[in-house]
Every structure is written in structure tokens, then in C-alpha cells.
Amino acid sequence: MGLLDILLGRSRPAAPDLDRLFALPSAAVPLEAATGLTPTGRGAVCFATVEGAAFDQTHREVRALLDADGSPVDLSRDEYGYSWLVSRRDPDRLADLVNDLHAVNSAMEVNGSGPQLLCSLAVFADPDGRRLALVYLYKRGTFYPFAPLPGAGERRDNPLELRVRAALDGELPVERELNRWFPLWGAPGL
């Protein structure tokens, strides 16, 4: 950071720390206690779609890595043109799902596709049908909750998101800037 940055009050964003993903299984306990939400076994990594042989090779390697242990993996593209690599696990195996998400992010980072990584998410639900994604922002190194209202179009359950933020304070590095809590309409598993 330079002198001009200090004078103007600018700061550098936190560097991505993929190991923060490993805090998700322990954070699931206070999340369930506060909201009744439990893991669904679904998670995904979102990245900007890039064409080219190197990216295709990375995608094949990641898919082979996850397919090797019997975890179903799908690649989809949303209406905004972003790609999602989706992993499904038994809901009781959140740690395995987190390992999948970490492996995808790490493989893409190692193969030079780190700049295309946008976020990772793990999906939670309750018996009433409410869903919530805990979203890891790759470029910020922070998490935030995203809770779409069921059957309400593109509307969010803001009170639930704020309860989750309070429940996870100290468990996960929660994104403090609410304007960075981006909606993920159409994200897999939500």
C-alpha cells in the first residue's frame, strides 16, 4: 500500500484464504441452533466462464478429482453466463462437501484460473422449506448469508440473513459490508 492510498483512506482487500472454508462444518452447529437450518449436502463453486484449452483442461482435472471418490459433480451455466461446478454429498457429510469446494478452488488457483473464481456456497434448509446459502467471496476472503424467500420471486429473507450473521459472528469471517451480500438468484441448490 502506498502513501497516496493511506492518505485517501484506501485499503487492500483481504487475500483469499481457502482454508477458511474448513470452518463451515463447525459453524453449522450454531447456525442450526439459531435458525433450525441444516446442511442439504449441496454446494457449488461459481466462476467466470473462460474459453480455451487450458481452462478446459483444468475443468477436466477438477471433475476427475471429484468423480474419483464417487461424488456426483455437475457443471452448469446460469442465465448471467457464469459457470457453476456443483457437488452433492450426503447432508450429514458437510466436511466432505467442504473438501470438494476447497479442491475445486485450489485446482483452479494452481492452474492459473484463480482470477475467474467468484464464490463458493454451501446450501442449508429447514423443514419448512426455507433455504440459505453460506457464500464465500473468493476475492474478499469473507462469508455472507443469502436467503431467498420461497415462492416470492426475487426477494430475500433479510431478517433471517441478519440472524445468521449474528449467529456466526466469531465462527466465520462474515462480510461486514452489506452491499457486498450479492443475491445469487438461480444458484444451484437454492
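Everything that follows concerns the structure shown earlier in this document.
If you're wondering where the values come from, they're calculated on a predicted model, not measured in any experiment. (Residues numbered from 1 in each chain as written. Predicted model: local features only at pLDDT ≥ 70, side-chain atom pairs only at ≥ 80, totals over all residues. Heavy atoms only, no water.)

The description of an aromatic ring pair uses the distance of the two centres, along with the angle that the planes make with each other. The final tally for this structure, using the stated rule, is 3 aromatic pairs. Ring geometry for Tyr144 against Trp181: centres 6.2 Å apart, planes inclined by 20°, an arrangement best described as stacked. Taken as a pair, Tyr144 in strand E6 (residues 142-146) and Trp181 in the segment after helix H5 (158-168) lie far apart in primary sequence, 37 residues in all. Residue Tyr144 shares its accessibility class with Trp181, and that shared class is buried. (Phe/Tyr/Trp six-rings, centres within 6.5 Å; stacked < 30°, edge-to-face > 60°. Helix = DSSP H or I, 4+ residues; strand = E, 2+ residues; numbered from the N terminus. Buried < 20%, exposed > 50% of the residue type's maximum accessible area, 1.4 Å probe, protein only.)

Structurally, Gly129 can be placed in the loop between strand E4 (117-125) and strand E5 (131-137). Judged by its relative accessible area of 40%, Gly129 is partly exposed. For the pair Gly129 and Leu37, spaced 92 residues apart in sequence, the C-alpha to C-alpha distance is 9.7 Å.

This part is about the pairing of strand E2 (residues 73-77). Relative to strand E3 (residues 82-88), E2 is paired through 5 bridges, and the arrangement is antiparallel. Residue pairing for E3: Val73 is matched across the bridge by Ser87. Counted between consecutive antiparallel strands, the loop separating E2 from E3 contains 4 residues, among which Gly81 sits at a positive phi close to 90°. (Pairing = 2+ DSSP bridges.)

Next up on the list: the sheet that holds E4. Spatially, the 6 strands line up as an open sheet ordered E2-E3-E1-E4-E5-E6, and their pairing is antiparallel. Across the chains shown, the open sheet's two edge strands, defined by having one partner strand only, are E2 and E6. Neighbour to neighbour, the strand axes of the sheet diverge by 25° on average, direction disregarded. (Axes fitted to C-alpha atoms, helices over the stretch in contact; angles between N-to-C directions.)

Attention now goes to the pairing of strand E1 (residues 38-48). As paired strands, E1 and E4 are joined by 7 bridges and run antiparallel to one another. By the bridge assignment for E4, Cys46 is matched with Cys119. Bridge analysis of E1 against E3 gives 7 bridges, and the strand direction is antiparallel. The residue bridging Cys46 from the neighbouring strand is Trp84, located in E3.

By secondary structure assignment, the location of Val50 is in the loop between E1 and helix H3 (53-67). Separated by 32 residues in the primary sequence, Val50 and Tyr82 have C-alpha atoms spaced 9.4 Å apart.

In this structure the tally under the stated criterion is 9 salt bridges. The partner of Asp126 in a salt bridge is Arg130, with the nearest N and O atoms 2.6 Å apart. The partner of Glu177 in a salt bridge is Arg140, and the shortest N-O contact between them spans 3.3 Å. One end of the pair, Glu177, is in the segment after H5; the other, Arg140, is in the loop between E5 and E6, with 37 residues separating them in the sequence. (Salt bridge = Lys/Arg side-chain N within 4 Å of Asp/Glu carboxyl O.)

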